[in-house]
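Residue-level structure breakdown
If you want the building blocks of each chain, they are given just below.
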Amino acid sequence: MKKSKPDEDKRSLRPTLMRTTRSSRSTESTDSGLDKYGKQRKKQSDSALAQDLLQTSVSGQRGPTSSDEQQLGEHQKAPPVVKSGCGIASVVRLIKLGRCKNVVVVTGAGISTASGIPDFRTPGTGLYANLEAYKVPYPEAIFNVDYFSNDPQPFFSLAKALYPGSHRPNYIHYFIRMLHHKGLLLRIYTQNIDGLEKLCGIPDDKLVEAHGSFATASCHLCYTPYPAEEAKRAIMNGDTPTCTFCAATVKPDVVFFGEDLPQKYFLHAKDFPKADLLVIMGTSLQIEPFASLVNTVRSTVPRLLLNRHAVGPFQRVPLRRGDHMELGDLENTVQRFAEMLGWDDDIVELMRSQEQEQHVPTLVSGGSASGCSDGEESDSETDSKCSASSCPSN
């Protein structure tokens, strides 16, 4: 029987340039298209997209009034006020003009709150605000690999609530699925570990789960794979799954702080330079290196933030040319986005057919599935067209 190599050997075999760990601290990144004063470093080319962007105003900008300054103090700046519909309208126009054919979507926990899963940082209701029962020294410790090594029980207690199966995808997930259905989705990069992207039907080759998932499990020390269902059964029963090779604790392959990101994450090196639209939804952009991905698209590429609050580079006043944002309830914002694109009815029908498919057994005879919906057939056609044209393979 072939022996697994020790932890040190496994780490040494990993390519140095391709090893990136999840960090609990965010770092401010300078946008590559701007100098330190926020000005363009060089004149942009007269491409069709650049010319089109010059005709759209930067949405969501307003300087502080004198009364604002009195209330906030002389050392604080007023946040940008966003005109409802303005940011979305500019991006809808680009999509309808056919300017955006390689859309990259970046998401965080905020897209799943409408499914009943709390996000991490919302005061009072976020996951980190309600960890007293787990008796951790600080909120992020529950996802810290060193803390887990000493005491895995707090994470296992939390994992019982986080394991996929008790929540359903919401309208936001299906909007992203519709981007794929329309042949526009280059890739979605998500911080989420809830598995709702897969559950709504986004194909694996379009999905990068940057912080891992519960779909697989392994030893946290020697990385020996462990059956995911056995690990789930043990955790749900209050037991501790242990590695059959080194007897260390097994955990789901959720990326903890201090652990390497999955190899698939490095698709960003080709995806973000190729993107012609970046949509950012439901994230605080505080966890690195994920947060810095939004600054790696070309400076001419429009970026749309759909969020409850301005985050990352969208906190800059004034916004960079081509940056747009819509702040408020995310599900309502995304539904308005879909309505402006004329996709709302299609999304509702897709949600209905997908839910029926997942609840009603599909009869399979030979190589064909008699229960396949029209929407799924169209999706297969889109996949074929996509793989034959601009979508990269993994």
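In the block above lies the structure referred to throughout.
All residue numbers refer to positions counted from 1 along the written sequence of the respective chain. In view of the model being predicted, local features appear only for residues whose pLDDT reaches at least 70, and side-chain atom pairs are presented and counted only at 80 or more, with totals across whole chains, interfaces and linings using the full set of residues. Remark: hydrogens and water are excluded; side-chain values derive from all non-hydrogen atoms of the structure.

1. A word on the packing of aromatic side chains
Defined as follows: In this scheme Phe, Tyr and Trp rings, the latter by its six-membered ring, pair at centre separations within 6.5 Å, and the angle between planes marks the pair as stacked below 30 degrees, edge-to-face above 60, and tilted otherwise. Three labels apply to residues, based on accessible area from a 1.4 Å probe with only protein chains included: buried if under 20% of the type maximum, exposed if over 50%, partly exposed otherwise in between. By definition, any uninterrupted DSSP run of H or I lasting at least four residues is a helix, any uninterrupted run of E lasting at least two residues is a strand, and each is numbered from the N terminus.
Counting across every chain of the model gives 12 aromatic pairs. A centroid spacing of 6.0 Å and a plane angle of 75° characterise the contact between F148 and F155, whose relative ring orientation is edge-to-face. Of the two residues, F148 and F155, both sit in the buried class. Geometrically, the ring pair formed by F175 and W343 is tilted, given 5.8 Å between the ring centres and 35° between the ring planes. Note that F175 is positioned in helix α7 (residues 171–181) and W343 in the loop between α11 (330–341) and α12 (344–359), a separation of 168 residues in sequence. For F175, a relative accessible area of 1% translates into the label buried. Of the aromatic side chains, those joined through ring pairs into one cluster are F143, F148, F155, F156 and F256.

2. Let's talk about the sheet that holds strand β3 (residues 207–209)
Short version of the rule: If DSSP finds at least two bridges between two strands, the strands pair. All axes are obtained by fitting lines to C-alpha atoms, using only the stretch in contact for helices, and the reported angles, taken between N-to-C directions, cover 0 to 180 degrees.
Reading across the sheet, the 6 strands line up as β3-β2-β1-β7-β8-β9 and stay open at both edges, with parallel pairing between neighbours. Strands with a single pairing partner mark the edges of an open sheet, and in this sheet they are β3 and β9 (323–327). Neighbour-to-neighbour, the strand axes of the sheet open up by a mean angle of 15°, direction not taken into account. As paired elements, strand β1 (residues 103–107) and strand β7 (residues 277–281) share 5 bridges and run parallel to each other. By the bridge assignment for β7, V103 is matched with L277.

3. Focus: the side chain of S115
The line we're drawing: Whenever a nitrogen or oxygen atom comes within 3.5 Å of another N or O atom, the pair is scored as a polar contact, on the condition that within protein one atom can donate a hydrogen and the other can accept it, and that pairs from neighbouring residues in sequence are kept only if both atoms are in side chains.
For S115, the location among the structural elements is in the loop between β1 and α5 (145–150). Look at S115 and you get buried, because its relative accessible area is 12%. A polar atom in the side chain of S115 sits 2.9 Å from the side chain of N170.

4. What about the nonpolar core?
Keep this limit in mind: Among buried residues, the Ala, Val, Leu, Ile, Met, Phe, Trp, Tyr and Cys ones that are joined through side-chain atoms within 4.5 Å form a nonpolar core. Any two residues having at least one pair of non-hydrogen atoms within 4.5 Å are treated as being in contact.
V105, F175, M281, L306, F337 and W343 are the most contacted members of the largest nonpolar core, which totals 35 residues. At the level of elements, α4 (86–96), β1, α7, β2 (185–190), β7, β8 (303–307), α11 and α12 are the ones that each hand at least two residues to this core. Excluding its chain neighbours within four sequence positions, the residues that come into contact with W343 are F175, M178, L179, K182, L184 and A338. Counting 28 residues, the second-largest nonpolar core is a separate cluster that includes L285, F290, V301 and M325.

5. Side note on the packing of α7 against α11
As a reminder of what qualifies: Note on convention: the crossing is left-handed when the near helix lies turned anticlockwise from the far helix by less than a right angle, right-handed when the turn is clockwise. Residues are grouped as follows: Ala, Val, Leu, Ile, Met, Phe, Trp, Tyr, Cys and Pro are nonpolar; Asp, Glu, Lys and Arg are charged; every other residue, Gly included, is polar.
Contact geometry of α7 with α11 gives a least axis separation of 9 Å together with a crossing angle of 35°. Here the hand of the crossing between α7 and α11 comes out left-handed. Counted together, Y171, I172 and F175 of α7 and L330, E331, V334, Q335, F337, A338 and L341 of α11 form the full contact between these two elements. A class-by-class count of the residues in the contact of α7 with α11 yields 8 nonpolar, 1 polar and 1 charged.

6. Notes on α7
Buried residues dominate α7, accounting for 11 of its 11 residues. Along α7, the positions that sit buried rather than exposed are Y171, I172, H173, Y174, F175, I176, R177, M178, L179, H180 and H181. For α7, the N-terminal capping position is held by N170, with its side-chain oxygen 2.8 Å away from the main-chain nitrogen of I172.

7. Observations concerning the pattern of salt bridges
Here is the rule: By definition, a salt bridge exists where a carboxyl oxygen of Asp or Glu is found within 4 Å of a side-chain nitrogen of Lys or Arg.
The final tally for this structure, using the stated rule, is 11 salt bridges. The residue D271 makes a salt bridge to R187 at a minimum N-O spacing of 2.8 Å. Here R187 lies in strand β2 and D271 lies in helix α10 (residues 268–274), a separation of 84 residues in the sequence. For the pair shown, D271 and R187 are each scored as buried. The partner of D323 in a salt bridge is R303, with the nearest N and O atoms 2.8 Å apart. In this pair, D323 is assigned in strand β9 and R303 in strand β8, connecting sequence segments 20 residues apart. On the basis of relative accessible area, R303 is assigned to the buried category, the value being 0%. Linked through salt bridges whose partners overlap, the residues forming this network are K198, D204 and E209.

8. A word on the side chain of H220
Relative to the helices and strands, H220 resides in the loop between β4 (212–219) and β5 (225–226). Side chain to side chain, H220 and S149 meet in a polar contact 3.3 Å long. Setting aside its immediate chain neighbours within four residues, H220 contacts V145, F148, S149, A248, T249 and K251.

9. Looking at the environment of L304
Secondary-structure assignment places L304 in strand β8. Here the alpha-carbon distance between L304 and G87, two residues 217 residues apart in the chain, equals 7.3 Å. Aside from chain neighbours lying at most four places away, what touches L304 is G87, V91, L278, V279, I280, H324, M325 and F337.

10. As for the sheet that holds β5
Taking strand neighbours across the sheet as the criterion, the 3 strands line up as β5-β4-β6 in an open arrangement whose pairing is antiparallel. For this open sheet the edge positions go to β5 and β6 (250–254), each flanked by a neighbour on one side alone. Where β4 lies against β5, 2 bridges are found, and the strand directions are antiparallel. Residue pairing for β5: S218 is matched across the bridge by P225. The strands touched by helix α9 (residues 228–236) are β4, β5 and β6; relative to β4, the strand with the most contacts, the crossing angle is about 90°.

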